[in-house]
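Residue-level structure breakdown
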Amino acid sequence: MGMSDQQNSQQPPGWISRFFRWFCREELCDGIEGDLLTLYARKVIDRGRMKSNIWYFFSVLSFVQPFALKNRQLSHRLTPFDMFSNYFKIAYRSLMGSKSFTLINILGLAIGIAGFVVMATYIHSELSYDKFHTKSDRIVRVTYDYEARGTIRKVAKSAFPIKPMLLESYPGVEKVVRFYRNTLDASTLKNEGNHMTEENIIFADPEVFEVFDFELEQGNPATALTDVNSIVLTARAARKYFGNENPMGKILQYKNRDKLEVTGILKELPENSHMHFDMLVPVELQRQRWVRGNGNNGYDFEQDWKWSGAWMYVLLDNADARDSFEQKLIAEGKDYFGRADDVEYHYTLQSLTDIHLHSDMIGEFEGNGNIRQVYGFGVIAVLILVIACINFINLSTARSARRAKEVGLRKVMGAHRPQLISQFIAESVLISLIAALLSVFLIEALLPFFNRFMDKSLSVPYQENPEIILYFFIGAVIIGLLAGVYPAFYISRYRPVKTLKGNNTTGSRGNARLRKVLVSTQFIISNLLIIGILVVQQQLSYIKGKDLGFEKDQVIVLKHGNKLDEGFDLFQTKLKANPAVVATNQGYVAGTGGFTQSFKVNGEQAEAGKSMGIKHVSFDFLDMFGMKVVAGRNFSREIGTDWKQAIMLNETAVKSFGWTNEEALGKNFSYVGGSDNRTLFECKVIGILADAHLEPLYKPIQPSVFKQAKWGRVSIKLNTGSGEELRAVLDQIEQVWTEVNPRWPFEYQFLDDTIEQQYLKEERLSQTIQYFTFLAILIASLGLFGLASYTVQQRTREIGVRKVLGASVNSILALVGKRFVWLVGLSFIISVPIGYYLAGQWLQDFEYRISIGTGVFLLAGLVSVVIAGLAIGGQSIRAATLNPVKTLRHE
Amino acid sequence: MKGTSLGEFEELVLLTVGILYNDAYGLGIRDELEKQTGRNVMISSVHKALVRLEDKGFLSSYMGGATDERGGRKKRLYELTISGKKVLNRSKELRNSMWNSVPKVVWE
């Protein structure tokens, strides 16, 4: 047909039109379809294609009414419509005929679907990270692998001066944006009346809004960060300082010094971004602060190739330029550090959209997700659905005997097998549709719960994407088909002669075998999940309870302690008067992150440039954190040279050089460092410290060097009893703080809290598995309960006869329970090796981990036996204690 | 058969066919109805009513010419039959006479 392109684009999907023409009376067709098409064309303009298509579909459906259907005059001829409506009518009657069975079936399936959908929303959100940036396919991050003597460390950041070089000599690079977060000390912002610590200030290049789709509510994205003294912040952050006033053009003072003008208001960042920040300030501000900073020798990171401080994102001309760009970067990147050590640097690229799920490097922007966890959750989601479907199949086939007569009769009346099959499938589709409807409510109830412990804000966007309702519908029909196909084929196979003779047990042998397999599958899955919970929880409590080698209790870390600098001595002296203060320390805080330096052993060329952690500490460090000296001596105030030249090593560092503790003492080291990254330090080993887990337990203990310094964070060890006492002591410390350092607010964190937060991810994982295991077990035991009650029902007469003939209650219990106990036992045996393997895989992530003992498996077995016992027990006991007179009179 | 009785909606449709005179077809009737009553009217209910009214003999219909706008589909145009006009008249008279039977006090 000669239809122009523009008209074509306004056509609804062909299959809906074909469907319409198929059922609609010919003489009405044109009149109605013309109306619908006109309306459709109107909708498309203001609602978009997707919504209009859905509208069109339902509008066409609304014409499925007698007046519009073909063959209206020949109402004696049956249409497919009549057939379906008959199927559903029969299905409805048969479902209402056995309400408890239907209820169990629907409930089980609804819980299964709800669990599945909740997981699916989570997975969907994990997979959607950073895709909201319209240029996401062209944005890459520059990262590097740091290879020294066989160990490779992947680092998410790179050096600042790479930016101008990329722009200059790399074709295909359109823009480069660097981000930097100052973790050296806490930042504050101040205006009249407010002085607050801001944890999430990020330094960024002005092009940030051209590369990324971070939107501004107010302000001009092109110029917002071009001036050094400008700041862009979220509306929420602005409200803290300015209340309801318009924050644009207002002034905030950064770290008591630089006055910044508010030049833009950020829209709240989407949850599915791998980076989040409350405020942005120009990178240039940080550079200028350091260049003019006192005693820093004018440190300029734009010239420093050795410090990888910036997250660097490159916007390419086109996505195809990536390969050639990466090759050039790998080839030339080695030389950017300008060093000829045995250390190698390989610069590489990473797609923006890969960062959240595939990147776990040193110095990530924030804790990323994990693709393996997403897969794991996906598997759990599917397993839960499988368990629910298995219930369905089991209960339907088990009940089939009861419907044998119906099938027989239908066949005698001339029903063909395909007709019977469709009828049973219609029944299961009806169940799954009702279950899907119920699950919508369950999901709404479950999601807030899930969100709370995952710290997410997931929801099913029915309003934004109404097609989800269509997916629900289709999904439910598919589940109905899958779950209904076997029972349908099975039941429709019955031979009418046999069933009508009353031989009810026809063919139930093979049927029972399948049921056994399915029940075992359910129990294997439940067992695995139980083993999963137990292992995760044991590992967690192992980590929490593990002796870290240092004391972390009752230690507070001051957020602005580093601002004390020379004032620390006064602060310390004043606090000494307080009996509740055990020690005050300046410098490295045990259990937190630190820096890495390249150390040289003087006179040993081969061992040049070994990378070790460096921890700047004060004289009180050892007492403060209860760390022990295993060889040599501690730092001493009395020995003048200790201040500048003494270092201590930990045992791991000693071992990494292949020395004994005694050999290590007295060795001379040198390294380049200091606040300008250029000063040469010479030092000598005076003592060896016992190893302690200063890093999270995923990682091995890092070889570390401890050195004196008069700067860094301030931590205080307290010794107080009750919470009230603690509050009083904190008040006293605050008073001292305000006397010594009135310019900065007094804020602190408890060290044990900080350390605990490192394991938040595992905590969440454990809770998720816990809840979903609970769901899985709930569904499985529902099914088992249904199955058991059915079996018992079927055997009431048999049990009655046995009792009359003298069987005891116990022997009848054994008779009924035996089958299930056997199944539970078998599935337990199968699940042990699988569980052992999977749990072992998960534990690989931890450097320090539990060994999986038999206890876990015994407990899991016990739990599943108890659950099975509860599900089956009630029914069996009821059957065993029934009065045989009643059961035998029963027919 | 209750063939001669008229539901409220059917009466409205019938009147609209009268209003639109030469150009009374499904969507046009719906749009006019929505305009007059301010209610949302399903397009399928309009067609349903039209088919019924034609069955009852109050309307007759013929196919209009094809236009470009409607995806090339023709309109089915409706017009009032003599009995259609009669039934409208009857219902109006019935209403009027009932109005007149309401005592004046009621309105005060």
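Residues numbered from 1 in each chain as written. Chains lettered and ligands numbered in written order. Predicted model: local features only at pLDDT ≥ 70, side-chain atom pairs only at ≥ 80, totals over all residues. Heavy atoms only, no water.

**Here's the deal with the overall build of chain A**
Across its full length, chain A holds 29 helices and 25 strands. Along the longest, intermediate and shortest principal axes, the C-alpha atoms of chain A span 105 × 85 × 55 Å. Evaluated residue by residue, chain A yields a buried proportion of 52% over its 891 residues. Put simply, 78% of the contacts in chain A that link residues at least 6 apart link residues at least 24 apart. Accessible surface, chain A as shown: approximately 42000 Å² in total, 56% of it carbon and sulfur. Positive and negative side-chain charges in chain A, numbering 98 and 89 respectively, have mean positions lying 15 Å apart. (Helix = DSSP H or I, 4+ residues; strand = E, 2+ residues; numbered from the N terminus. Buried < 20%, exposed > 50% of the residue type's maximum accessible area, 1.4 Å probe, protein only. Contact = heavy atoms within 4.5 Å. Areas by Shrake-Rupley, 256 points an atom, 1.4 Å probe, with all protein chains shown as cover. Lys, Arg positive; Asp, Glu negative; His and termini not counted. Charge placed at Lys NZ, Arg CZ, Asp CG, Glu CD.)

**Observations regarding the side chain of Asn256(A)**
Residues and elements named next belong to chain A. With respect to the helices, strands and loops of the structure, Asn256 is situated in the loop between strand E10 (251-254) and strand E11 (258-266). Here Lys190 takes part through its side chain, which lies 2.8 Å from a polar atom of the side chain of Asn256. Sequence-distant contacts of Asn256, that is, excluding residues within four places in its chain, are made with Thr188, Lys190, His195, Arg743 and Trp744. (Polar contact = N/O pair within 3.5 Å; in protein donor to acceptor, adjacent residues only side chain to side chain.)

**Quick notes on the domain arrangement of chain A**
Partitioning chain A into structural domains gives domain 1 (5-77), domain 2 (150-341), domain 3 (372-543 + 759-889) and domain 4 (555-752). A separation of 55 Å is found between the C-alpha centroids of domain 1 of chain A and domain 2 of chain A. (Domains from an automatic or database assignment.)

**So, the interface of chain B and chain A**
Taken residue by residue, the interface counts 20 residues in chain B and 21 residues in chain A. Applying the counting rule to chain B against chain A returns three salt bridges. Ionic pairing is found between Asp31(B) and Arg42(A), a salt bridge with its closest N-O pair at 2.8 Å. The tally of links between chain B and chain A comes to nine residue pairs in polar contact (both at pLDDT 80 or more). If you list the elements that add at least two residues to the side of chain B that touches chain A, you get helix H2 (26-37), helix H3 (43-56) and strand E2 (74-80) of chain B. Taken together, the residues of the side of chain B that touches chain A sort by class into seven nonpolar, four polar and nine charged. (Salt bridge = Lys/Arg side-chain N within 4 Å of Asp/Glu carboxyl O. Nonpolar A, V, L, I, M, F, W, Y, C, P; charged D, E, K, R; others polar.)

**Some thoughts on the packing of aromatic side chains**
All names here are of chain A. Counted under the stated rule, the structure contains 49 aromatic pairs over all chains. Seen from their ring centres, Tyr180 and Trp290 are 6.0 Å apart, and the 70° between their planes marks the pair as edge-to-face. Taken as a pair, Tyr180 in strand E4 (residues 173-180) and Trp290 in helix H10 (residues 283-292) lie far apart in primary sequence, 110 residues in all. Like Tyr180, the residue Trp290 is buried in the burial classification. With centroids separated by 6.1 Å and ring planes inclined at 85°, the aromatic side chains of Phe450 and Phe772 adopt a geometry described as edge-to-face. Of this pair, Phe450 sits in helix H14 (residues 417-454) while Phe772 sits in helix H25 (residues 760-794), and the two are 322 residues apart along the sequence. As far as burial versus exposure is concerned, Phe450 and Phe772 are alike and both buried. An aromatic cluster of at least three residues, connected via ring pairs, comprises Phe160, Tyr180, Phe203, Tyr254, Trp290, Tyr299, Phe301 and Trp307. Directly above the ring of Trp311 sits Lys157, whose terminal nitrogen or CZ lies 4.7 Å from the centroid. Here Lys328 stacks its cationic end above the ring of Tyr170, 4.8 Å away from the centre of that ring. (Phe/Tyr/Trp six-rings, centres within 6.5 Å; stacked < 30°, edge-to-face > 60°. Lys NZ or Arg CZ within 6 Å of the ring centre and 35° of its normal.)

**What about the pattern of salt bridges?**
All names here are of chain A. Counted by the stated rule, this structure contains 40 salt bridges over all chains. Note that Lys240 is salt-bridged to Glu198, the shortest N-O span being 2.8 Å. Of this pair, Lys240 sits in helix H9 (residues 235-242) while Glu198 sits in strand E6 (residues 194-198), and the two are 42 residues apart along the sequence. In this structure Glu198 comes out as buried when scored by relative accessible area, which is 5%. What you see here is one network of salt bridges that share partners, running through Lys163, Arg178, Asp205, Glu207 and Glu302.

**Details of the sheet that holds strand E24 (residues 714-718) of chain A**
Residue and element names in this part refer to chain A. As summarised here, the arrangement of the four strands in space is E16-E24-E15-E25, forming an open sheet in which the pairing is antiparallel. Looking along the sheet, the strands with just one partner apiece sit at the ends: strand E16 (581-586) and strand E25 (748-750). Between one strand and the next, the sheet's axes are offset by a mean angle of 25°, whatever the strand orientation. Note that strand E15 (residues 555-558) and E25 share three bridges and pair antiparallel. (Pairing = 2+ DSSP bridges. Axes fitted to C-alpha atoms, helices over the stretch in contact; angles between N-to-C directions.)

**So, the side chain of Gln702(A)**
Turning to its location among the elements, Gln702(A) is positioned in the loop between strand E22 (679-689) and strand E23 (704-708). The contacts of Gln702(A), once residues within four sequence positions are left out, are Arg153(A), Thr596(A), Met612(A), Gly613(A), Lys615(A), Asn650(A), Thr652(A) and Glu695(A).

**With respect to the packing of helix H2 (residues 14-23) of chain A against helix H4 (residues 49-61) of chain A**
Packed helices, taken two at a time, are described by the angle their axes make and the gap between the axes. All names here are of chain A. Packing of H2 against H4 leaves a shortest axis separation of 10 Å and a crossing angle of 10°. By the angle class used here, H2 and H4 are roughly parallel. From H2, Trp15, Ile16, Ser17, Phe19, Phe20 and Phe23 reach across to H4, where they touch Asn53, Tyr56, Phe57, Val60 and Leu61. Tallied by class, residues from the contact of H2 with H4 come to nine nonpolar, two polar and no charged. (Parallel < 35°, antiparallel > 145°, perpendicular 65-115°, else oblique.)

**Observations concerning the confidence of the model for chain B**
Averaged over all residues, the pLDDT of chain B is 87; the fraction at 70 or higher stands at 96%. The ipTM, which scores confidence in the relative placement of chains, is 0.89 for this predicted complex, and the corresponding pTM is 0.70. (pLDDT = per-residue confidence, 0-100.)

**Digging into helix H15 (residues 467-491) of chain A**
Counted at 1.5 Å a residue, the expected span for H15(A) with its 25 residues is 36 Å, and the 35 Å between its end C-alpha atoms agrees. Every buried residue belonging to H15(A) is among Glu467(A), Ile468(A), Phe472(A), Ala476(A), Ile479(A), Gly480(A), Ala483(A), Gly484(A), Pro487(A), Ala488(A), Tyr490(A) and Ile491(A), and all of these are buried. (Expected span 1.5 Å × (residues − 1).)

**Structural notes on unusual backbone geometry**
Of all residues except glycine, most have a negative phi; of all peptide bonds, most are trans. Residue and element names in this part refer to chain A. A positive phi angle, near 65°, is found at Asp130, a position not held by glycine. In this structure, Asp130 sits in the loop between helix H6 (99-127) and strand E1 (139-148). Classification of Asp130 by relative accessible area gives buried; the value is 1%. Although it is not a glycine, Asn256 sits at a positive phi angle of roughly 60°.

**Digging into the pairing of strand E12 (residues 279-282) of chain A**
All names here are of chain A. Burial along E12 is two-sided: the residues Met279 and Val281 and Leu280 and Pro282 are all buried. Bridging between strand E7 (residues 201-204) and E12 involves four bridges; their strand directions are parallel. Opposite Phe203, over in E12, you have Val281 as the bridge partner. In the sheet, strand E9 (residues 230-234) pairs with E12 via two bridges, with the strands oriented antiparallel. Paired with Leu233 across the strands is Met279, a residue of E12.

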